[in-house]
Amino acid sequence: MEERQFTKDLKKAKTDIDVADELIRKYMPFIKAETAKYLGHYASESDDEVSIAMIAFHEAILNYDSDKGNFMHYASMLIRSRLIDHDRKEVRHKANISLDEDGDDNDPLINTIADPSDKVDTNMRLEATKEEIAELAKVLNDFGVSFKDLSDHSPKQERTMDMIKKVIQRAKADTTILDELLETKKLPLKRLVNDGGERKTIERHRKYVLGMLVILTNGYEIIRGHLWHVLKGEAV
Amino acid sequence: MKYLVLEVHTLYCIVLAEDGSYLKVYNKGYEVGSFISDIEIVKEASEKPRSFKRAIYPILALASVFIITFGIYMFDASRIYGSIYLDINPSVRIDASRNDTVINIDALNDDADDLLEGYVYKGKDIDSVVDELVDIAIAKGYLYAGSDITFTFDSDDDTWKMTHRTNLDDKINYLKEELQVTIIIDDQEDVEYIIPEVDIKPSEESETTPDDTYVDTDYGVDDDVTDHGKDDTDYGPNNDGVTDYDDTDYGPNNDGVTDYSSDIDDGYSSSSNYEPVDSQSNYQNSNYENSSNYDG
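About the criteria used
- Residues numbered from 1 in each chain as written.
- Chains lettered and ligands numbered in written order.
- Predicted model: local features only at pLDDT ≥ 70, side-chain atom pairs only at ≥ 80, totals over all residues.
- Heavy atoms only, no water.
- Helix = DSSP H or I, 4+ residues; strand = E, 2+ residues; numbered from the N terminus.
- Buried < 20%, exposed > 50% of the residue type's maximum accessible area, 1.4 Å probe, protein only.
- Contact = heavy atoms within 4.5 Å.
- Polar contact = N/O pair within 3.5 Å; in protein donor to acceptor, adjacent residues only side chain to side chain.
- Buried area = accessible area lost by both parts, 1.4 Å probe.
- Salt bridge = Lys/Arg side-chain N within 4 Å of Asp/Glu carboxyl O.
- Axes fitted to C-alpha atoms, helices over the stretch in contact; angles between N-to-C directions.
- Parallel < 35°, antiparallel > 145°, perpendicular 65-115°, else oblique.
- Nonpolar A, V, L, I, M, F, W, Y, C, P; charged D, E, K, R; others polar.
- Pairing = 2+ DSSP bridges.

Draft legend 1. View of the environment of Tyr42(A). Residues and elements named next belong to chain A. Relative to the helices and strands, tyrosine 42 resides in the loop between helix H3 (28–39) and helix H4 (48–63). By relative accessible area, which is 62% here, tyrosine 42 ends up exposed. Apart from the residues within four sequence positions on either side, tyrosine 42 is in contact with Lys32, Ala36 and Asp47.

Draft legend 2. Structural detail: helix H2 (residues 17–26) of chain A. Among all positions of H2(A), only Ile17(A), Val19(A), Ala20(A), Asp21(A), Leu23(A) and Ile24(A) are buried. Turning to H2(A), the residues buried within the fold contact helix H1 (2–13), H3, H4 and helix H7 (147–152) of chain A together with strand S2 (12–17) and strand S3 (22–26) of chain B. The distance from a side-chain oxygen at the start of H2(A) to the backbone nitrogen of Asp18(A) is 2.9 Å, and the residue carrying that oxygen is Asp16(A).

Draft legend 3. Spotlight on the interface of chain B and chain A. Contacts between chain B and chain A engage 38 residues on the former and 40 residues on the latter. Here chain B meets chain A over a buried area of about 3300 Å², counting both sides, of which 62% is carbon and sulfur. Contact with chain A buries surface across chain B, with Thr10(B), Leu11(B) and Tyr22(B) losing the most and accounting together for 22% of the total. In this assembly, chain B and chain A are joined by two salt bridges. Glu31(B) is the partner of Lys130(A) in a salt bridge, and the nearest nitrogen-oxygen pair spans 2.8 Å. At the boundary of chain B and chain A, one finds 11 residue pairs in polar contact (both at pLDDT 80 or more). Of all the secondary structure elements, the ones that give two or more residues to the side of chain B that touches chain A are strand S1 (3–8), S2, S3 and helix H1 (47–77) of chain B. Sorting elements by how many residues they give to the side of chain B that touches chain A places S1(B) first, with five residues.

Draft legend 4. Region of the structure containing the side chain of Arg170(A). All names here are of chain A. Considering the arrangement of structural elements, one finds arginine 170 in helix H8 (residues 158–173). A relative accessible area of 11% places arginine 170 in the buried class. Polar side-chain contacts of arginine 170 include one of 2.5 Å to the backbone oxygen of leucine 192.

Draft legend 5. Quick peek at the packing of H8(A) against helix H11 (residues 196–204) of chain A. All names here are of chain A. The contact between H8 and H11 brings their axes to 10 Å, and the two run at 100°. The pairing of H8 with H11 is recorded here as roughly perpendicular in orientation. Contacts from Thr160, Met163, Ile164, Lys166, Val167 and Arg170 in H8 reach Gly197, Glu198, Thr201 and Ile202 in H11. The class makeup of the residues in the contact of H8 with H11 is four nonpolar, three polar and three charged.

Draft legend 6. Seen up close, the packing of H2(A) against H3(A). Residue and element names in this part refer to chain A. Interaxial distance between H2 and H3 falls to 4 Å at its minimum, and their mutual angle equals 60°. In terms of their interaxial angle, H2 and H3 are classed as oblique. Contacts from Ile24, Arg25 and Lys26 in H2 reach Met28, Pro29 and Ile31 in H3. By residue class, the composition of the contact of H2 with H3 is four nonpolar, no polar and two charged.

Draft legend 7. Summary view of the pairing of S2(B). All names here are of chain B. Across the six residues that make up S2, a large majority, six, are buried. Burial along S2 is two-sided: the residues Tyr12, Ile14 and Leu16 and Cys13, Val15 and Ala17 are all buried. As paired elements, S1 and S2 share five bridges and run antiparallel to each other. Residue valine 5 lies in a different strand from S2, and its bridge partner there is valine 15. Between S1 and S2, which pair antiparallel one after the other, the connecting turn spans three residues. Strand direction decides the pairing type here: S2 and S3, joined by five bridges, are antiparallel.

Draft legend 8. Spotlight on the pairing of strand S5 (residues 82–87) of chain B. All names here are of chain B. Relative to strand S6 (residues 91–96), S5 runs antiparallel, the two being bridged by six bridges. Following the sheet pairing, isoleucine 84 is matched in S6 by isoleucine 94. Linkage of S5 to S6, two consecutive antiparallel strands, is achieved through a turn of three residues.

All we've got here are geometric facts, nothing functional implied.
Shown next, in the form of structure tokens:
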């Protein structure tokens, strides 16, 4: 009975990431045990290797079918092989990294090492960001929109994104649009679009545009700063 | 690109990228509110491509196996893998591909042209071709009792040579037992002689046992005299009626007389190869002794 449920969940988890997430939470002890078996010592969730094992377990969920035999054996095999891949990559990367080399955004790596005096600032900033995100999640929830919805419906085409940027500029230019949005909990489409083509595109990405407009309202300075590239520009 | 972590699950996180896109990335111990740069986007099971993949891979695999097999087959089919030379008097070379199909027969002399006239080898197996050509040689009178035939096996593959040698066993037995033909098998490493046991009628002149027939052998190192001359034969149509078993130049029965010139019977005088040796040999008046400049 339990096995049949597991098979069902496994099938569902292929397309529903939250079912996969639930399965992984359930099998985290297995994932950690497999990692520990490979490492030869205890592995905690914060270890890189556990992340790799977890991703391998997800890969196993996605790729598994009954002709691959027992799922746990398959997952165990995949975890092991991904950990080996990781080790090989590590050996190659470890070879030579200098602190004077460029890190992300061309900053020398040495600049990215945390200064202890910055720690308090960093913590404060983290807390502030968390608060903004929590607030944004709450407001979006009022509109019936979740972060997951936004990730499911994120525009991918550049043309769409350009159109959305125009709409954002219009909303920035006329703050009453945002007021109307917050009041009615509806996207004031008529005031945002110029023609039928735009209307169609924006309607299709209603949730995403709504999310962007909410971020434009007061109280999301950190997130707005992060999205500076998207939100900049003049109204057109 | 920097990403702001918005939501954290066990497996994945939802992040907001600088370019405004929301992504699901694998959770590598991230915390809500942190900015990250090294992300791994969550893999998704895209059902359609997967089923397409599933369908196409076996087809591709099958197709490539087919192409490779067919290619090798075609390549092999046109390549000589081994040859069998038949030497009676007509000499032919039969070339076969790896799958033993005859791809070419070469006539190595005029008699061979006659032997092969009208013979179709196309698509035939090399063993049957050898078998048939031997039969034709018998029918056309090239191969008869007392004559000999040489089979030479030529291939880089020793197993190939051995296999075809074995496949010829029946034919060789027939040639030996029924036709009394001497068979020489040359696999280019060893030469094997198969000499029919001659059914010798006890002769009044000879007190020797039939076993002594083999004392005067042409093979191996015993003597340098080849007695293939068909004229001095004691059997078959050219039997000269004289068994010379006592007239041996070696072994316990050595009579001490080398009779190369004096003991010529009718057969030798007409076609022996040894007569010219005696009359034209330069060994006696060699220049080495009389006119060498090295002496002084």
